[in-house]
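Descriptive structure summary
Listed below are the residues making up each chain.
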Amino acid sequence: MTRTAFTNVRIFDGSGADTYLGDVLVEGKRIVQVTRLPERISTDDARVIEGRGRFLMPGMTEAHTHFSWNDQPSLAAIQFMPPEEHMLWCVRVAKRYLDMGWTSAIGAAAAKPRLDVVLRNAIDAGEFPGPRYLAGSQEITTIGALGDNTLPHMPFPELSFGSVCSGPEEIRRSARTFIKYGVDHLKINLSGEYIAGLPAEMSPFAEEEIAMLAQEAKRYGKRMAAHARSSESVKQCVRHGIEMVYHASFADEEALDMLEAAKDKHFVAPGIGWLIRTTYNAAEFGITEAVATQMGYKRELEVAAASLRAMHKRGIRILPGGDYGFAWMPHGTNANDLQYFVDYIGMTPVEALRAATQLGGQIMQRPDELGLLKAGYLADIMLVDGNPLENLALLTDPAKIQLVMKDGVVHKDCATPVPDHAALHLGGTSSPLVEEGVKEALAEML
């Protein structure tokens, strides 16, 4: 069984506890020992990764992922990518996430019906590198709402970003189709979206339509997620047991009370980066701050920040991720959310990192084996050059993420610089090798 020893690392275990210097031992897929200095692990028969005080933490979970968003400036540009190229894009971008330390991800809707499912299956089969992944459906939407891209003279469903439904029976058919394809959860667009021409505070679905989705999801044992910016849509999520609430910008006091009362059943992944970057970073693509203000995004950001601060104080679980994959917020920059959580939601850096790690294990439905550096847990691990608790921006820099391990297998390894001497670890102790013969042999190997 493969053994990997991380020695002399600063450990952030994901729980929110203070960091400490220690060692971590991995055997096969799992962490088997975590020690705090001066206690040491045995490194016999192990590959030793000398930490030199670098930051070791659990792999992160992106809770609101759109792998099929292709870093373009519009929904149409995403949807019109041919399916063959689109699948190849998803494969490439999944590797980008793993390179950046996102070892798990929740699919928040695919641009075409089977992209998420095929990608998940390929990753699980070991055909391509990527995070462990839970696959979403296309966005289930209704006529004229977010995801309906049909034109009056071209009413072809292939033009649409989502599965356009009207009435409970069409919802049933759409849900069963995606379940047939093998999704892990169903996504429904319960509110509007300014960029799609429908106000974010609008809630276009009737109660009986949402009830049908919930009924079919329950029948087949599937989870649900919702695009839910409006206050009413958040309440609909709670009423119908939609576990993953995306956005929740306009949640009023009643919605907050409902979420708090059911906080052990729901997760909020607000995608606050979308509001910030669309307001302040999209001018190159025609959305200046003035345009974003006119569209409603600047106001939504202000309202959402207040709502999310209230959620955080109430102990509602808020996780990073959301809508990365547009031109002004490309895939791989997702860790910007962690600083946004500090600046806009009032989290501490420790709370932001816990949201990305321990809470990630919870939304992945594996809280007893994902999200913590703890004996018995799966070895999803990142080694970072520098301390993210002092500078969260380190997690947006590929060069600072020096090692990524998933399931005990090292995917990315820039952790060991070319040394001028080696370190020998025996029985949990370390000492420099100074013998010239060893130096020469090492030089030949390198």
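For the structure, check the block above.
Attention in this report is confined to the structure presented alongside it.

Criteria and cut-off values
- Residues numbered from 1 in each chain as written.
- Predicted model: local features only at pLDDT ≥ 70, side-chain atom pairs only at ≥ 80, totals over all residues.
- Heavy atoms only, no water.
- Helix = DSSP H or I, 4+ residues; strand = E, 2+ residues; numbered from the N terminus.
- Buried < 20%, exposed > 50% of the residue type's maximum accessible area, 1.4 Å probe, protein only.
- Contact = heavy atoms within 4.5 Å.
- Areas by Shrake-Rupley, 256 points an atom, 1.4 Å probe, with all protein chains shown as cover.
- Lys, Arg positive; Asp, Glu negative; His and termini not counted.
- Charge placed at Lys NZ, Arg CZ, Asp CG, Glu CD.
- Salt bridge = Lys/Arg side-chain N within 4 Å of Asp/Glu carboxyl O.
- Core = buried A, V, L, I, M, F, W, Y, C linked by side-chain atoms within 4.5 Å.
- Phe/Tyr/Trp six-rings, centres within 6.5 Å; stacked < 30°, edge-to-face > 60°.
- Pairing = 2+ DSSP bridges.
- Axes fitted to C-alpha atoms, helices over the stretch in contact; angles between N-to-C directions.

With that settled, consider the overall build of the protein. Regarding its fold elements, the protein presents 14 helices and 19 strands. The buried share among the 446 residues of the protein stands at 57%. Restricting to contacts in the protein with at least 6 residues of sequence separation, those with at least 24 account for 68%. Accessible surface computed for the protein: about 17700 Å², of which carbon and sulfur atoms make up 53%. One finds the centroid of the 44 positive side-chain charges in the protein at a distance of 3 Å from the centroid of its 57 negative side-chain charges.

Looking now at the pattern of salt bridges. In total, this model carries 28 salt bridges according to the counting rule given. One salt bridge connects Glu139 with Lys187, and the closest N-O pair in it is separated by 3.7 Å. Here the residue Glu139 occupies a position in strand β9 (residues 136-142), and Lys187 occupies one in strand β11 (residues 185-189), the gap between them amounting to 48 residues. Where salt bridges share partners, they join Glu169, Arg172, Arg176, Glu216 and Arg219 into one cluster.

Let us look at the nonpolar core. Grouped together as the largest cluster of nonpolar side chains are 116 residues, with contacts concentrated most on Met57, Leu119, Met311, Leu338 and Leu395. Here this core takes 8 residues from helix α2 (residues 83-99), the largest share from any one element. The residues touching Met57, leaving out its near neighbours within four places in the chain, are Phe12, Leu353, Thr357, Leu373, Asp380, Ile381, Met382, Val384 and Leu395. In this structure, Val24, Leu373, Leu383 and Met405 belong to the second largest nonpolar core, which totals 16 residues.

Bringing the packing of aromatic side chains into the picture now. Under the definition given, this model contains 12 aromatic pairs. Residues Phe12 and Phe55 carry aromatic rings whose centres are separated by 6.1 Å and whose planes lie at 20° to one another, so their mutual orientation is stacked. Residue Phe12 is located in the loop between β1 (3-11) and β2 (20-27), and its partner Phe55 is located in strand β5 (residues 55-58); the two are separated by 43 residues in the primary sequence. In this structure Phe55 comes out as buried when scored by relative accessible area, which is 1%.

If you walk across this open sheet you meet the 6 strands as β10-β9-β11-β12-β13-β14, and the pairing is parallel. Of all strands in the sheet, those with a lone pairing partner are β10 (163-165) and β14 (267-269), marking the two edges. Each strand of the sheet is rotated relative to its neighbour by a mean of 25°, with strand direction disregarded. Relative to β11, β9 runs parallel, the two being bridged by 3 bridges.

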